Amino acid sequence: MRAIFIFFVLLAATMATAQSNTSNIRGVVTDAQSLFPLPGVTVLVVGIDSIIGASTDIDGQFLLKNVPVGRNALQFSYIGYETRYVSNVLVFSGKDLEVNMSLTESVMNLDAAEIVAEDKSNQPKNDMSTVSARSFTVEEAMRYSGSLQDPSRMAQNYAGVSNASDDRNDIIIRGNSPSGVLWRMEGVDIPSPNHFSTLGTTGGPVSMLNINNLSNSDFLTSAFPADYGNALAGVFDLRLRSGNKQNHEFLGQLGFNGFEIGAEGPFKKGKNASFLFNYRYSTLAIFNAMGLEFGTGSAVPQYQDFTFKLDFPTKKAGRFGVFGVGGTSFIEFLAEDATENNLFSAERENSQFGSTTGWTGITHQYFFNEKTRSNFVVAASTSGIDGFIDSLSTINDSPTRIFGVANRQDKYSAILSVNSKLSAKHTIRAGAQADVNAFSLKDSVLFAPGEYFTQSDFDGNATLLQANGSWQYRPNEKSTLTAGMHLQHFLLNNSSAVEPRIGYKYQVNQQHALTLGAGMHSQLQPIPVYFTRERLSLTTSVLNNDKLDFNKALHAVVGHNWQVTEYFRIQSEVYYQYLYNVAVDRDSSSFSMLNVGADFNMPDNGDLVNKGSGENLGFELTLERSFNRGFYVLATASIFESNYTGSDGITRSTAFNGRYVYNLLGGREFAIKENKTLSFDTKVTLAGGRWYSPIDVENSIANNQEIRPENTAFGDQYAPYFRWDFKITFRTNGKKIAQQWSVDLRNVTNHQNIFMQTYNALNQQIETRYQMGFFPDVQYRIYF
């Protein structure tokens, strides 16, 4: 509570009257299909008394000077192209705002074309996407209550998406495992972008993605176009923004995600080359070093990360870039900290875990002419975890090592794509990708005093090759057809996948649009699974999983979008997904890879075959009133069913079959004084509980260990999940400095949502552990 008191003292200290302030808006306007810069585009700030406008230069760049701070709207118009309109552009003093725009060439005769300004800010940046895709803005991630400025947690507000638990940011898309999500940045497939992550998972407790460095990006939930492969559930296609090419700017921030500093600007004024850097360190670790305790005992998360992007445009050789994200994390759990409120500490066990994750790449974009471009990227990434668990003796607390792990995966990638806009009606795209994976996977488990069994012990490499091709056809202003093919080949065991994709959008009129999409999708097993050995005896094992094929799925989606008014839309989608060739146990069991990926562990099943299946089907509804006149509303409803069949032939609910998710978000912003605003944002979530395998208490007592019978696997469901978040934000804009304070009150009602149930052999009872209760996240940010 001391932090909240300090927050309000600082807020009150800034309530002095200030003169009206301005800042700049900069960006680049390109052709939507070719991405070639468009010179001569008229860019206007609309809805204000004064006239502020600019035209793009030969490189498609524009600069709007002296734009009033606060929320503004922009209009982009160009002869022969559809006019675009962007609302809710939030301008700060002390920092230029970057707004990049792509315009679509009209396929109609110019004289007959009706040019209508539309706000399409939620449409995906990838123009090949026609269904189950949207763009999300940085401002949304900062605004939504409970999101902690994390893209994953922000995406949980969208229809069809739910969370696995409050302690992690895994996302469940339409009942699929979080492991089915593909993360991509600057065209490169990246490992899980989270601190404390493990190989094979896509989530974690704390995101490494710094929202201050991201540009508007895409989020896809089904039937994604042929550009994307090695994914079953969804895609995050992230873009880093470029640094300011005109002025040097700085950022400071303190909050739940950490203490961070950032800088950006030109390498040399008057030139287009720029840099962007940001460093962040764990806030709790800093406070712990200062002697301040927050009730976590020894389990203080220690992490740090670094993000950068360098941009080097040239006149003739194209555009070069260098980018990277890297981070380390460490945490220790001691038995003395084990309580019912501690989700991970265990009685009579000490453990330590550390992880290292990072990726970097060099990009090159080259235009052969205004219609054809190439993008080439070389990149390297690493993801590793090491740790151990010690069991404490009941006599003298002497530790005995019962588990150890040291896993690492390095990847070296080369990606080439070529895009050619043949005409306003036809665009083609082709690409190829090679990922060379190098592994070092080692672990051991105690099975007798002084003797250990090795589940994985492998050093080697394996290469995944991918290729794709797409064609977009726009016969008229109303119809857009996209067809493509994605190919994959895994050299470890020569398994292959052929994946046709198709999407179609029909714009009935200015208000109504129909969409549909279908495609085949395939994904490798998590890498550690291929090298998990089957235990034949206490001392012998055999490797079987290295022959596993891809898990595969068929997606089909039909949707309708109704633009009721300029700022209010209703979107609905119906989908069906058939998953097949899924890895399950060779012998009869309930195990399926469709239930893996929402925690820190990978399965130890050593004899898997591709004979499982599953089904996801559902209906989604989105009602969205975009930010205008000081308020916004977002309501989403998802009703779905997610089932799977294991090698025992029994169809069950998957672990993620919550069956329903309802979200209601809203916010109101008040201009309390000139250059100062006060905002209130809230979010309410109600979702079906996760399915789990119940504990047999009688057998657990008899065996002195937790027993979950196979015949009741995923037979029970936890109580519904409920959470209400409320956020207060105060912003002030000085002449050259902008400041922001916020208090995000997560789980205002302190509702007890079940995290898990375990068996306690000491008292022979089932213990229920709950997810995060009431938690205030206080944050301060300054731009200068």
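Residues numbered from 1 in each chain as written. Predicted model: local features only at pLDDT ≥ 70, side-chain atom pairs only at ≥ 80, totals over all residues. Heavy atoms only, no water.

**Some remarks on the overall build of the protein chain**
How we decide: In this text, helices come from DSSP runs of H or I with a minimum length of four residues, and strands from runs of E with a minimum of two, each type numbered from the N-terminal end. The reference for a compact globule is 2.2 Å times residues^0.38; the radius of gyration itself is calculated from the C-alpha atoms. Burial here depends on accessible area, computed with a 1.4 Å probe over protein chains only, as a share of the maximum for the residue type. Under 20% is buried, over 50% is exposed, and the range in between is partly exposed. Note on contacts: a residue pair is in contact if any heavy atoms of the two residues lie within 4.5 Å. Here, Shrake-Rupley sampling with a 1.4 Å probe gives the accessible areas, and only protein chains in the shown set may cover a residue. Charge counting follows a simple rule: Lys and Arg are positive, Asp and Glu are negative, and His as well as the terminal groups are ignored. Note that the charge is assigned to NZ on lysines, CZ on arginines, CG on aspartates and CD on glutamates.
Regarding its fold elements, the protein chain presents 6 helices and 48 strands. Here the C-alpha radius of gyration of the protein chain, 26 Å, is about what a compact globule of 784 residues would show, namely 28 Å. Dimensions of the protein chain, computed from C-alpha atoms along their principal axes, come out at roughly 80 × 60 × 45 Å. The proportion of buried residues among the 784 residues of the protein chain is 55%. Within the protein chain, contacts between residues separated by at least 24 positions form 65% of all contacts whose residues are at least 6 apart in sequence. Accessible area for the protein chain stands at about 31,800 Å²; split by element, carbon and sulfur atoms hold 57% of it. For the protein chain, the distance from the average position of its 64 positive side-chain charges to the average position of its 75 negative side-chain charges is 9 Å.

**Notes on the nonpolar core**
For clarity, the cut-off: What makes a nonpolar core is a set of buried Ala, Val, Leu, Ile, Met, Phe, Trp, Tyr and Cys residues whose side-chain atoms join them at distances within 4.5 Å.
Residues Met-185, Phe-219, Phe-236 and Trp-359 are the most contacted members of the largest nonpolar core, which totals 40 residues. Judged by nonpolar contacts, the second largest core, of 33 residues, contains Leu-441, Phe-531, Leu-594 and Ala-598.

**A look at the sheet that holds strand β18 (residues 234-238)**
Threshold: We treat two strands as partners when DSSP finds at least two bridges between them.
Strand order across the open sheet formed by 5 strands is β10-β17-β18-β13-β14, with mixed pairing between neighbours. Either end of the sheet is taken by a strand with one partner, and the two such strands are β10 (133-136) and β14 (188-189). Judged from the 3 bridges that link them, strand β17 (residues 217-220) and β18 form a sheet pairing that is antiparallel. Across the sheet, residue Asp-218 finds its bridge partner in β18, namely Asp-237.

**A word on empty space enclosed by the protein**
Condition: Definitions used throughout: a 1 Å grid over protein atoms alone; a cavity as a set of points that fits a 1.4 Å probe which cannot get out; a pocket as an open set with protein on both sides within 12 Å along at least five of seven lines; a lining residue as one with an atom within 4 Å of a point. Grid points are joined across faces, edges and corners, and a volume is the space filled by probe spheres set on the points.
The final tally for this structure, using the stated rule, is 11 cavities of 30 Å³ or more. If you add up the space inside the largest cavity, you get close to 750 Å³. Lining the largest cavity are 38 residues, with Ser-179, Gly-200, Asn-230, Gln-523 and Pro-526 positioned closest to its centre. Listing elements by their share of the lining of the largest cavity, those giving two or more residues are β13 (181-185), β25 (372-392), β26 (399-421), β27 (426-448), β29 (457-473) and α5 (527-530).

**Some details on a positive patch on the surface**
Which entries qualify depends on this criterion: Here, patches come from residues exposed beyond 30% relative accessible area and free of salt bridges, joined within 9 Å for like charges and within 5 Å for nonpolar side chains (Val, Leu, Ile, Met, Phe, Trp, Tyr). Here, a salt bridge means any Lys or Arg side-chain nitrogen found within 4 Å of an Asp or Glu carboxyl oxygen.
Taken together, the side chains of Lys-268, Lys-271, Lys-315 and Lys-316 make up a positively charged region of the molecular surface. For Lys-315, the position within the fold is in the loop between β22 (302-313) and β23 (319-333). What makes Lys-315 exposed here is its relative accessible area of 87%.

**Considerations on the environment of Gln-771**
For clarity, the threshold we go by: Throughout this description, a polar contact denotes any pair of N or O atoms lying within 3.5 Å of each other; where both atoms belong to protein, one of them has to be capable of donating a hydrogen while the other can accept it, and for residues adjacent in sequence the pair is counted only when both atoms sit in side chains.
Among the secondary structure elements, Gln-771 is positioned in the loop between β47 (765-770) and β48 (775-783). Linking Gln-771 and Pro-301, residues 470 residues apart in sequence, is a C-alpha distance of 17 Å. At 2.5 Å, the side chain of Gln-771 and the backbone nitrogen of Asp-166 are in polar contact.

**Structural notes on the pairing of strand β5 (residues 70-77)**
As judged from the 5 bridges shared by strand β2 (residues 42-46) and β5, these two strands associate in the antiparallel manner. Along β5, the bridge assignment pairs Leu-44 with Gln-75. Following β5, the chain reverses through 6 residues before pairing antiparallel with strand β6 (residues 84-91); Gly-80 in that reversal takes a positive phi of roughly 85°.

**Topic: the environment of Phe-640**
Secondary-structure assignment places Phe-640 in strand β38 (residues 631-645). Residues within four places of Phe-640 in sequence aside, it is in contact with Gly-175, Tyr-575, Leu-617, Gly-618, Phe-656, Asn-657, Gly-658, Arg-659, Tyr-660 and Val-661.

**Here we look at the side chain of Arg-153**
Within the element layout of this structure, Arg-153 appears in helix α3 (residues 151-155). Relative accessible area serves as the criterion here: at 7%, Arg-153 is assigned to the buried category. At 3.0 Å, the side chain of Arg-153 forms a polar contact with the side chain of Asp-150. Beyond its immediate stretch of four places on either side in the chain, Arg-153 contacts Gly-146, Ser-147, Leu-148, Asp-166, Asp-167, Arg-168, Asn-169, Pro-205 and Arg-746.

**Some details on unusual backbone geometry**
Despite not being glycine, Asn-704 shows a phi value in the positive range, around 55°. Within the secondary structure layout, Asn-704 lies in the loop between α6 (697-703) and β43 (716-717). Unusually for a residue other than glycine, Phe-714 sits at a positive phi of about 50°. Mapped onto the secondary structure, Phe-714 falls in the loop between α6 and β43.

**Quick look at the packing of aromatic side chains**
Where we set the bar: Centre distance within 6.5 Å is the pairing criterion for rings of Phe, Tyr and Trp, where only the six-membered ring of Trp is used; planes under 30 degrees apart are then read as stacked, over 60 as edge-to-face, and the remainder as tilted. Should the NZ of a Lys or the CZ of an Arg lie within 6 Å of a ring centre and within 35 degrees of the ring normal, that charge is described as sitting over the ring.
In total, this model carries 32 aromatic pairs according to the counting rule given. On the numbers, 4.6 Å between centres and 35° between planes, the contact of Phe-219 with Phe-236 is tilted. One end of the pair, Phe-219, is in strand β17; the other, Phe-236, is in strand β18, with 17 residues separating them in the sequence. For Phe-219, a relative accessible area of 2% gives the class buried. Plain terms: the ring middles of Phe-275 and Phe-277 are 5.5 Å apart, the flat faces sit at 35° to each other, and that makes the pair tilted. Under the relative-accessibility criterion, Phe-275 is labelled buried at 12%. An aromatic cluster of at least three residues, connected via ring pairs, comprises Phe-267, Phe-275, Phe-277, Phe-306, Phe-308 and Phe-312. The cationic tip of Arg-71 hangs over the ring face of Phe-627; the distance from NZ or CZ to the ring centre is 3.8 Å. Stacked on the ring of Phe-631, the Lys or Arg Arg-625 has its end atom at 3.8 Å from the ring centre.

**Topic: the confidence of the model for the protein chain**
Definition in use: Known as pLDDT, the predictor's confidence for each residue is given on a scale from 0 to 100.
On average, residues of the protein chain score 89 in pLDDT, and 93% of them reach the 70 mark or higher. Contacts from residues 1-19, a stretch scored under 50 in pLDDT, to residues over four places away or in other chains number 26 contacts.

**Things to note about the pattern of salt bridges**
Pairing of side chains with opposite charge becomes possible as their charged atoms draw close. Inspection of the entire model under this criterion finds 39 salt bridges. Taking the shortest distance from any N to any O, the salt bridge between Asp-457 and Lys-442 comes out at 3.0 Å. Here Asp-457, found in strand β29, pairs with Lys-442, found in strand β27; they are 15 residues apart in sequence, far enough to count as distant. Residue class for Asp-457 comes out partly exposed when judged on its relative accessible area of 48%. The salt bridge involving Glu-499 is made with Arg-501; its shortest N-O contact spans 2.5 Å. Here Glu-499 matches Arg-501 in class, with each residue buried. One connected set of salt bridges, linked through shared partners, spans Arg-26, Lys-95, Glu-98, Arg-241, Glu-249 and Glu-264.

**Description of the side chain of Glu-264**
By the secondary structure assignment, Glu-264 is in strand β20 (residues 258-266). Here Arg-241 takes part through its side chain, which lies 2.6 Å from a polar atom of the side chain of Glu-264. Polar contacts involving the side chain of Glu-264 include one to the main-chain amide nitrogen of Asn-244, which spans 2.9 Å.

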